[in-house]
Amino acid sequence: MLQRTKIWFKRVAILVVIVSIVLLGLRVALTERGPDLQLWHTWVPQELSDSQMDNSDWAGYLKNEQNLFDGIKINVSDRLQDDNPETYNRYAERSPVNPEHFSTDWNRSYIMMPTGTPRGAVVLLHGLTDSPYSLRHIAQDYQQHGYIALGIRLPGHGTVPAALTSVVWQDWMAATRLAVREAKKRIPPGAPLHIVGFSNGGALAMKYALDALDDPTLPAPDRLILISPMIGVSSYARYAGLAGIPSIFPAFARSAWLSILPEFNPFKYNSFPVKAARQSWLLTSALQSQLHHEQASQRLAKLPPVLTFQSVADATVSTPAVVRALYNLLPANGSELVLFDINQSVPLSPLMRSSARHAAEHLLPPAPRAYTATLVTNASAGSDTEVAKTTPAGSTATLVTPLGLRYPADVYSLSHVALPFPLTDSLYGRTPTPPNAFGVSFGSMTPRGERSVLIVSLDSLMRQSSNPFYPWMLEQVNATIK
């Protein structure tokens, strides 16, 4: 019997080895068929380490940031062969999407000062592969309400995609701590401190608030505002690191990348390294473990109120995780979850997945709940007008509020990336005002043609990139400011 067991285990081990070799071979074959790596995939800038950031200040961070951008010019832009002014390459000197030529390069960290004595401060944390550009509209709104708005460029971002191959999520947390220290230092004692986090920045904001429960040296935020927060990611991200194993051999360096694309977006990477996916999973895993630990210790009662905006249709983060792994754990502390339903009135309904059409029906536990829940959806079946259906915390009654806003007729849902951008955003807005302020207006493009002609997928161009309900969303944010 023992001998048979040994033989069985040996056969299983051989099978696992064979399958692993086949999968790695397929991975190499697929990446070798892709485009070549460019300078922005191979030159890695030197960010500050987490310990260096913990011992630095805002001025030191900006000094190193300037060194990074100087390095891009020397090691990437000045070495490019193709400098055609019609080339959509953010690193080409004469390209219309080169951010160095804009009045403000929103890849860089910024501080917006209000007029007069600050009423408070807000720290804004952008998403993975993103830049401080993504939260600039919300930052400007806070500034108009008398707040200092501090948007930090998280390590590995805003420079070259290769930068994400050398940073870890602990670096992002150290940058978050540095930004909060600076914001707190600039406001009067007792003035409110808010943190706004988008996508991966939402996970950082949430984890910082949890860390502050256990560390009295960390200034505690008075309010968290999360937009499409990365509370959970796909299970694939957990094993993404395996896809990069062949890259240990220089001949297979492309295997270190999940996607290699031209960099035509001035404020967001198109290429995505394996390590970044792995770090996002490690961050969300640490966050979820900490949430459950703090709940078991009954310390979540000390958390500030959390206001979250989330689309039920989100291909980047897990919407169910926002509900089950965060909101269902929160105490009754004034938190609110806002869900944006798909457009139930579009003629495309017969072509939609049933799970998408009915997603909003299955996400929330039955009322009463410890938090307020709001669903932005069609007023009735087939109606093209939108309402907010709000169930207050501790209640089973639902209040219906007309929004005076509606989905555009050809938009079937929001998306992960759409929420923080108004329709007028010059880069991502559907009605850019002004158009092409940053060299291109992606949100107004409606490409049509044959497959395999464009260098990017039609999916990426068709993805909804601005929010028709942004004015109402901003009203909810402003209510927390006031």
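For the structure, see preceding data.
Conventions adopted
- Residues numbered from 1 in each chain as written.
- Predicted model: local features only at pLDDT ≥ 70, side-chain atom pairs only at ≥ 80, totals over all residues.
- Heavy atoms only, no water.
- Helix = DSSP H or I, 4+ residues; strand = E, 2+ residues; numbered from the N terminus.
- Buried < 20%, exposed > 50% of the residue type's maximum accessible area, 1.4 Å probe, protein only.
- Contact = heavy atoms within 4.5 Å.
- Areas by Shrake-Rupley, 256 points an atom, 1.4 Å probe, with all protein chains shown as cover.
- Phe/Tyr/Trp six-rings, centres within 6.5 Å; stacked < 30°, edge-to-face > 60°.
- Lys NZ or Arg CZ within 6 Å of the ring centre and 35° of its normal.
- Pairing = 2+ DSSP bridges.
- Axes fitted to C-alpha atoms, helices over the stretch in contact; angles between N-to-C directions.
- Core = buried A, V, L, I, M, F, W, Y, C linked by side-chain atoms within 4.5 Å.
- 1 Å grid on protein atoms, 1.4 Å probe; cavity = no way out; pocket = protein on both sides within 12 Å on 5 of 7 lines; lining within 4 Å.
- Points joined across faces, edges and corners; volume = space filled by probe spheres on them.
- Nonpolar A, V, L, I, M, F, W, Y, C, P; charged D, E, K, R; others polar.
- Parallel < 35°, antiparallel > 145°, perpendicular 65-115°, else oblique.
- Left-handed = near helix turned anticlockwise from the far one by under 90°.
- Salt bridge = Lys/Arg side-chain N within 4 Å of Asp/Glu carboxyl O.
- Right-handed = clockwise from strand over helix to strand, strands pointing away.
- Polar contact = N/O pair within 3.5 Å; in protein donor to acceptor, adjacent residues only side chain to side chain.
- Expected span 1.5 Å × (residues − 1).
- Arc of directions from axis to C-beta.

Hey, could you go over the overall build of the protein chain for me, with residue numbers and the actual values?
A tally of regular secondary structure across the protein chain gives 14 helices and 12 strands. Split into buried and exposed, the 482 residues of the protein chain put 53% on the buried side. Considering only residue pairs separated by 6 or more positions, the protein chain has 73% of its internal contacts joining residues 24 or more positions apart. Total accessible area on the protein chain is roughly 21,800 Å²; 57% of this is exposed by carbon and sulfur atoms.

Outline the packing of aromatic side chains, listing residues and values.
The tally for this structure, following the rule as stated, stands at 16 aromatic pairs. Judged by centre distance (6.0 Å) and plane angle (70 degrees), the rings of Tyr 133 and Tyr 428 are edge-to-face. Placement of the pair is Tyr 133 in the loop between strand S2 (120-125) and helix H5 (136-144) and Tyr 428 in the loop between strand S12 (399-402) and helix H13 (458-462), with a sequence separation of 295 residues. A relative accessible area of 1% means that Tyr 133 is categorised as buried. Connected via pairs of aromatic rings, a cluster forms that spans Phe 102, Tyr 133, Phe 267, Phe 421, Tyr 428 and Phe 438. The ring of Phe 69 is capped by Arg 108, whose NZ or CZ atom sits 4.1 Å from the centre of that ring.

Give a detailed account of the sheet that holds strand S1 (residues 110-112), specifying residues and quantitative values.
Two orientations exist for strands paired in a sheet by backbone hydrogen bonds: parallel and antiparallel. The 10 strands lie next to each other as S1-S3-S2-S4-S5-S8-S9-S10-S11-S12, forming an open sheet whose pairing is mixed. In this open sheet, the two edge strands, each paired with only one partner strand, are S1 and S12. Each strand of the sheet is rotated relative to its neighbour by a mean of 15 degrees, with strand direction disregarded. Sheet topology places S2 next to strand S4 (residues 193-198); 5 bridges connect them, and they run parallel. Note that in S4 the partner of Leu 124 across the bridge is Val 196.

Residue-level account of the nonpolar core, with values.
Core analysis: the largest hydrophobic core is formed by 84 residues, its most contacted members being Ile 152, Val 160, Trp 172 and Met 206. Not counting residues within four places of it along the chain, the set of residues in contact with Ile 152 comprises Trp 58, Tyr 61, Ser 109, Leu 124, Leu 125, His 126, Pro 132, Ala 175, Leu 178 and Ala 179.

With reference to specific residues and values, describe the layout of surface pockets.
Counted as a void, the largest pocket has a volume near 1,200 Å³. What lines the largest pocket is a set of 36 residues, and nearest its centre among them are Thr 129, Lys 268, Thr 316, Val 417 and Arg 463. Among the elements of the structure, strand S6 (257-259), helix H9 (274-296) and H13 are those that each provide at least two residues to the lining of the largest pocket. In terms of residues, the lining of the largest pocket owes the most to one element, H13, which gives 3 residues. Split by residue class, the lining of the largest pocket holds 19 nonpolar, 13 polar and 4 charged. Size it by volume and the second largest pocket reaches roughly 1,000 Å³. Looking at the lining of the second largest pocket, the elements that each hand over two or more residues are helix H11 (354-357) and H13. Broken down by element, the lining of the second largest pocket gets its largest block of residues, 3 residues, from H13. Considered class by class, the residues forming the lining of the second largest pocket number 17 nonpolar, 10 polar and 7 charged.

Go over the packing of H5 against helix H14 (residues 470-481) with me, naming the residues and quoting the values.
Running from N to C, H5 and H14 cross one another at 45 degrees; their axes reach a closest spacing of 11 Å. On the basis of the axis angle, H5 is oblique to H14. The crossing of H5 and H14 is right-handed. Residues His 137, Ile 138, Asp 141 and Tyr 142 of H5 lie in contact with H14, whose contacting residues are Tyr 470, Met 473, Leu 474, Val 477, Asn 478, Thr 480 and Ile 481.

Pulling in residues and values, what's your account of the environment of Asn 265?
When you line up the elements, Asn 265 lands in the loop between S6 and strand S7 (272-273). The buried category is assigned to Asn 265, whose relative accessible area is 5%. Through-space distance from the C-alpha of Asn 265 to that of Phe 438 is 9.2 Å; in sequence the pair is 173 residues apart. Filtering out sequence-adjacent residues up to four positions away, Asn 265 remains in contact with Arg 90, Asn 270, Leu 427, Tyr 428 and Phe 442.

Please provide a residue-by-residue account of the pattern of salt bridges, values included.
Between side chains of opposite charge, a pair can form when the charged atoms approach closely. Summed over all chains, the structure comprises 14 salt bridges. Where Asp 78 meets Lys 73, a salt bridge forms, and the shortest distance between an N and an O atom there is 3.0 Å. Overall, the relative accessible area of 47% leaves Asp 78 in the partly exposed class. Under the relative-accessibility criterion, Lys 73 is labelled partly exposed at 44%. Note that Asp 214 is salt-bridged to Arg 299, the shortest N-O span being 3.0 Å. Residue Asp 214 is found in helix H7 (residues 200-214), and its partner Arg 299 is found in the loop between H9 and strand S8 (306-311); the two are separated by 85 residues along the sequence. Assessed through its relative accessible area of 44%, Asp 214 is described here as partly exposed.

Give a description of the pairing of strand S3 (residues 147-152) that names residues and reports values.
Counted residue by residue, S3 has 6 buried out of 6 residues, so it is predominantly covered. What you see with S3 is no split at all: Tyr 147, Ala 149 and Gly 151 on one side and Ile 148, Leu 150 and Ile 152 on the other are buried throughout. In this sheet, S3 lies alongside S2 in parallel orientation, the contact comprising 6 bridges. Of the residues in S3, the one forming a bridge with Leu 125 is Ile 152. Crossover connection from S2 via H5 to parallel S3: handedness right-handed.

An account of the side chain of Asn 378 is requested, with residue identities and associated values reported.
With respect to the secondary-structure elements, Asn 378 resides in strand S10 (residues 372-378). Asn 378 sits in the buried class, given a relative accessible area of 4%. In this structure the side chain of Asn 378 is engaged in a polar contact, spanning 3.3 Å, whose partner is the side chain of Asn 343. Setting aside residues no more than four positions away along its own chain, Asn 378 makes contact with Ile 342, Asn 343, Gln 344, Ser 345, Ser 383, Asp 384, Thr 385, Glu 386, Val 387 and Lys 389.

Outline helix H4 (residues 58-75), listing residues and values.
Its 18 residues place the ends of H4 26 Å apart at the C-alpha level, agreeing with the 26 Å of an ideal helix rising 1.5 Å per residue. All buried positions along H4 are accounted for by Trp 58, Tyr 61, Asn 64, Glu 65, Leu 68, Phe 69, Gly 71 and Ile 72. Projected onto a plane normal to the axis of H4, the buried residues spread over an arc of 150 degrees and lie on a single side. Those residues of H4 that are exposed and aimed more than 90 degrees away from the buried face are Ala 59, Lys 63 and Ile 74. Those residues of H4 hidden inside the fold are in contact with helix H3 (50-54), S1, S3 and helix H6 (169-185).

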